[in-house]
Amino acid sequence: MAEEISFIHAADLHLDSPFKGLANLPEHVLTDVRESTFAALDRLVHVAIERQVDFVLIAGDLFDNEHQTLKAQIRLRNAFTALAKQNISVYMLYGNHDHINGNKHPVTYPVNVHIFPDEIVRNFVHYKDGKPLAAIYGFSYEDRSVLDNKTSNYKRRESDIPFHIGMLHGSLASNTTHDVYAPFQISELLETGMDYWALGHIHQRDVLKSAPAIVYSGNTQGRSRKETGDKGCYHVKMSAAGVELSFLPLQAVTFKKVAVDASTCEDVFALEQHLQQTLKTAQSQTNALFHIQLTSDTTNLEQWDQEGRIEELIDLMNEAGGFATPWQYIYDYEISSLPSYDELYEGAHFSGEVLRQLDTLSIPPQLTDLYHHRRARRFLEPLDSDAESDIKEKAKQWLMHELLGGRT
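Residues numbered from 1 in each chain as written. Predicted model: local features only at pLDDT ≥ 70, side-chain atom pairs only at ≥ 80, totals over all residues. Heavy atoms only, no water.

Caption draft 1: Highlighting the sheet that holds strand β5 (residues 122-128). Ordered in space as β5-β6-β7-β8-β10-β9, the six strands form an open sheet in which the pairing is mixed. Every interior strand has two partners, whereas the edge strands, β5 and β9 (206-210), have only one. With strand direction ignored, the average angle separating the axes of adjacent strands in the sheet is 20°. Alignment of β5 against strand β6 (residues 131-138), held across seven bridges, turns out to be antiparallel. Among the inter-strand pairings, Y127 is bridged to a residue of β6, identified as P132. (Pairing = 2+ DSSP bridges. Helix = DSSP H or I, 4+ residues; strand = E, 2+ residues; numbered from the N terminus. Axes fitted to C-alpha atoms, helices over the stretch in contact; angles between N-to-C directions.)

Below is the structure:
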């Protein structure tokens, strides 16, 4: 019988993620959101057992924070125990979020779990029916960052083993959208002779190359507006004939960004019907958080927004959709009904100067008094880059609308 293996490739579980910026959600919605990383873990275990895989690979950032909560550690241990009962092994490494030296109270996992213990590239051998079937290579982050290129340390060590799999929590050296850790070039991965590369760190799933397969599984649960759509893992089948990939969604809450053209809406009641139809069309099998981008070739949206009618409309829609099963909730919206003001940046006039100054302005120092207020600070979370960008964008829209009378 020809050798073949079947496994789950997952990464970036970020268990117990705090979901910053969403604290104002209704209690029942926020509870589901904060539980979603654990729900995705439960689904991972379910699909691994359902598909009777040989093992599970987890390529780093199992936890969201180096100071791992007891809840996250116990839930993960219980998940691994469920896999152990089905004779499914786990091979895992730690990444920049859950690096080894940051965890002062590590939990003991069942014997089916094999952890890469340090930053030296090592390998485990997976046996099936008493025969060595796969050599699995990798390393864990000892500290928050690994800046060295480690690819030259991945070397096939057992020539008589059919399959060789590299695990790496890192990014392409040319990546400009994420912090670059453990940088690599695709050509360097190819030189190692691995049959499959299980990558982690980048939260968007991506098949960088199909033969041999070099794959980012993405994260298992979206955590912000930047992480929209289905999130999950890959079910991988390997044989002499090649690699077969199947993506399996795991997310319990789906982040969605939806553009709504309201140009034909003559009043806010027409906008309500339009939004209702949009959400019905975008309905999914999971709970969903919507970021709505409203556009129009009129100034109606700005007027309704200034009157508070759009916010009131969304509150009414959320009262209904937020209690459905699965629920739908609009957690944010933006208005982009003004024509583009990009050309104003180049002008030697007041509007252009305002836009340029806004780009260089740092928002947090402007809010120092508010964050130091004895009562207000208890209800405020630190601004992240997404929130700061949103504030600047909304400020530009309001200022250009007021300065130019709705015309650019």
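Having seen it, we continue.
Caption draft 2: Seen up close, the layout of surface pockets. In this structure, the second largest pocket spans a volume of roughly 390 Å³. Around the second largest pocket, the lining comprises 18 residues; the ones closest to its centre are A2, E3, E4, K128 and L133. Going through the elements one at a time, β1 (4-10), β6 and β11 (232-239) are the ones with two or more residues in the lining of the second largest pocket. Here the lining of the second largest pocket is composed, by residue class, of seven nonpolar, four polar and seven charged. (1 Å grid on protein atoms, 1.4 Å probe; cavity = no way out; pocket = protein on both sides within 12 Å on 5 of 7 lines; lining within 4 Å. Points joined across faces, edges and corners; volume = space filled by probe spheres on them. Nonpolar A, V, L, I, M, F, W, Y, C, P; charged D, E, K, R; others polar.)

Caption draft 3: Expanded view of helix α6 (residues 309-321). With 13 residues, α6 extends 18 Å from end C-alpha to end C-alpha; this agrees with the ideal 18 Å at 1.5 Å per step. Among the residues making up α6, those that are buried are I310, L313, I314, M317, N318 and G321. Here the buried residues of α6 occupy an arc of 135° about the axis, which is enough to place them on one side. Exposed and facing more than 90 degrees away from the buried side of α6 are L316 and E319. On its buried face, α6 is in contact with α4 (268-281), β14 (287-295), α5 (300-306) and β15 (328-335). (Expected span 1.5 Å × (residues − 1). Buried < 20%, exposed > 50% of the residue type's maximum accessible area, 1.4 Å probe, protein only. Arc of directions from axis to C-beta. Contact = heavy atoms within 4.5 Å.)

Caption draft 4: Quick peek at the pattern of salt bridges. Scanning all chains against the criterion turns up eleven salt bridges. Between E35 and K71 there is a salt bridge, with its nearest N and O atoms 3.5 Å apart. Of this pair, E35 sits in helix α1 (residues 27-50) while K71 sits in helix α2 (residues 70-84), and the two are 36 residues apart along the sequence. K71 gets classed as partly exposed once you look at its relative accessible area, which sits at 39%. Between R223 and E227 there is a salt bridge whose closest N-O contact spans 3.9 Å. For R223, a relative accessible area of 19% gives the class buried. Ionic contacts of the salt-bridge type, sharing partners, join the residues E35, D42, K71 and R75 into one network. (Salt bridge = Lys/Arg side-chain N within 4 Å of Asp/Glu carboxyl O.)

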